[in-house]
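Here are the chains, one letter per residue:
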Amino acid sequence: MAEKTVSLTEKAYEVLKERIQDCEYMPGQPLSEKGLCEALGCGRTPVREALLALRGEGLVEIFPRKGIRVAGFTHERISEIYQIRKLIEPAVCVKYMLRFDKAALLAYDRRFQAADRSDDRMYYRLDTEFHRWLVTVAGNGTLDAFFAGLMEVQYRFGVYSARIGTAEKRDYYTEHHEIIEALLAEDAARIERALVSHTNYSEVIALKTLEAVHAL
């Protein structure tokens, strides 16, 4: 019985997290245990345990005797993530630029070139995957886990921006191509410049999205 409960909890957690990450459940949207149980076809205990785990990851907010809602985004949180990215990514990529697998870099370049920008989830998943991969070159599991958490927020925010119509998808192949070319050339100054420029542009778009949402 215990194994079945754990299995149902894991299933509930995985399904709910995916729906929140893909903005099927939008930021700020109220949720109910009863409704989630019906949607997932399971009892209250697995759903409750899954929600507690998601609260720990900052994806839901639980208010005793008042309700549950999908966590939203704040200006401070988004700004902090971009600030951290601008500290971590250039530092890691420059320090370990000789470790990058050039064949893997070229494979990413082809994927960015072929990417369908109309597919929001694919668009943001590829971007998230690439930037997480850049940081793994340091071979630091603790850093990888920390950075993965940041990029999960970035992914959800990107999909959210697309859902509400504030996303600006310019030709992101060009930006990522420049990062990849800089890494292939093992040019430290160019690597840092390309990464900071790319992140700065994304940050401006993100902050414009937050302003648009707050103005509604």
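Our structure's up above, just so we're on the same page.
Residues numbered from 1 in each chain as written. Predicted model: local features only at pLDDT ≥ 70, side-chain atom pairs only at ≥ 80, totals over all residues. Heavy atoms only, no water.

Draft legend 1. Structural context of the sheet that holds strand β3 (residues 67-70). What the three strands build is an open sheet, ordered β1-β3-β2; its pairing is antiparallel. One side of each edge strand has no neighbouring strand; the edge strands of this open sheet are β1 (30-31) and β2 (60-63). Contacting β2 and β3, helix α3 (residues 44-56) crosses the sheet at an angle of about 115 degrees to β2. (Pairing = 2+ DSSP bridges. Helix = DSSP H or I, 4+ residues; strand = E, 2+ residues; numbered from the N terminus. Contact = heavy atoms within 4.5 Å. Axes fitted to C-alpha atoms, helices over the stretch in contact; angles between N-to-C directions.)

Draft legend 2. Structural detail: the packing of aromatic side chains. Tallying each qualifying case throughout the model produces 10 aromatic pairs. Note on Tyr108 and Trp133: the rings are 5.1 Å apart at their centroids and 45 degrees apart in plane angle, and the pair reads as tilted. Of this pair, Tyr108 sits in helix α5 (residues 102-114) while Trp133 sits in helix α6 (residues 120-136), and the two are 25 residues apart along the sequence. You can call Tyr108 buried: its relative accessible area is 8%. The rings of Phe100, Tyr108, Phe112, Phe130 and Trp133 are connected pair by pair, giving a single aromatic cluster. Across from the ring centre of Tyr96, 5.7 Å away, lies the NZ or CZ of Lys95, which sits over that ring. (Phe/Tyr/Trp six-rings, centres within 6.5 Å; stacked < 30°, edge-to-face > 60°. Buried < 20%, exposed > 50% of the residue type's maximum accessible area, 1.4 Å probe, protein only. Lys NZ or Arg CZ within 6 Å of the ring centre and 35° of its normal.)

Draft legend 3. Just the nonpolar core, in detail. By size, the foremost hydrophobic cluster in this structure holds 46 residues, and its most contacted members are Ile78, Phe112, Leu134 and Leu183. Contributions of two or more residues to this core are made by α4 (75-95), α5, α6, α7 (141-164), α8 (172-185) and α9 (188-215). Of the residues forming this core, the biggest block, 10 residues, is contributed by α7. Leave out the neighbours within four places in its chain, and Ile78 touches Phe73, Val153, Phe157, Ala206 and Leu210. Grouped together as the second largest cluster of nonpolar side chains are 17 residues, Ala12, Val47, Leu51 and Val70 included. (Core = buried A, V, L, I, M, F, W, Y, C linked by side-chain atoms within 4.5 Å.)

Draft legend 4. Molecular detail of the pattern of salt bridges. Taken as a whole and assessed by the stated rule, the structure comprises 12 salt bridges. The partner of Glu33 in a salt bridge is Arg44, and the shortest N-O contact between them spans 2.9 Å. In this pair, Glu33 is assigned in helix α2 (residues 33-40) and Arg44 in helix α3, connecting sequence segments 11 residues apart. Residue Glu33 is classed as buried on the basis of its relative accessible area, which comes to 17%. (Salt bridge = Lys/Arg side-chain N within 4 Å of Asp/Glu carboxyl O.)

Draft legend 5. Molecular detail of the layout of surface pockets. Of the pockets and cavities examined, the largest pocket occupies roughly 260 Å³. In terms of lining residues, the largest pocket is bounded by 15 residues, among which Glu57, Gly58, Leu59, Arg77 and Val153 are the most central. With four residues, the single largest contributor to the lining of the largest pocket is α7. Per-class residue counts for the lining of the largest pocket are four nonpolar, six polar and five charged. Size it by volume and the second largest pocket reaches roughly 150 Å³. Contributing to the lining of the second largest pocket are Lys17, Gln21, Arg125, Thr128, Glu129, Arg132, Met151, Glu152 and Tyr155. Taken together, the elements giving at least two residues each to the lining of the second largest pocket come down to α1 (2-21), α6 and α7. Among the elements that make up the lining of the second largest pocket, the one with the highest residue count is α6 (four residues). (1 Å grid on protein atoms, 1.4 Å probe; cavity = no way out; pocket = protein on both sides within 12 Å on 5 of 7 lines; lining within 4 Å. Points joined across faces, edges and corners; volume = space filled by probe spheres on them. Nonpolar A, V, L, I, M, F, W, Y, C, P; charged D, E, K, R; others polar.)

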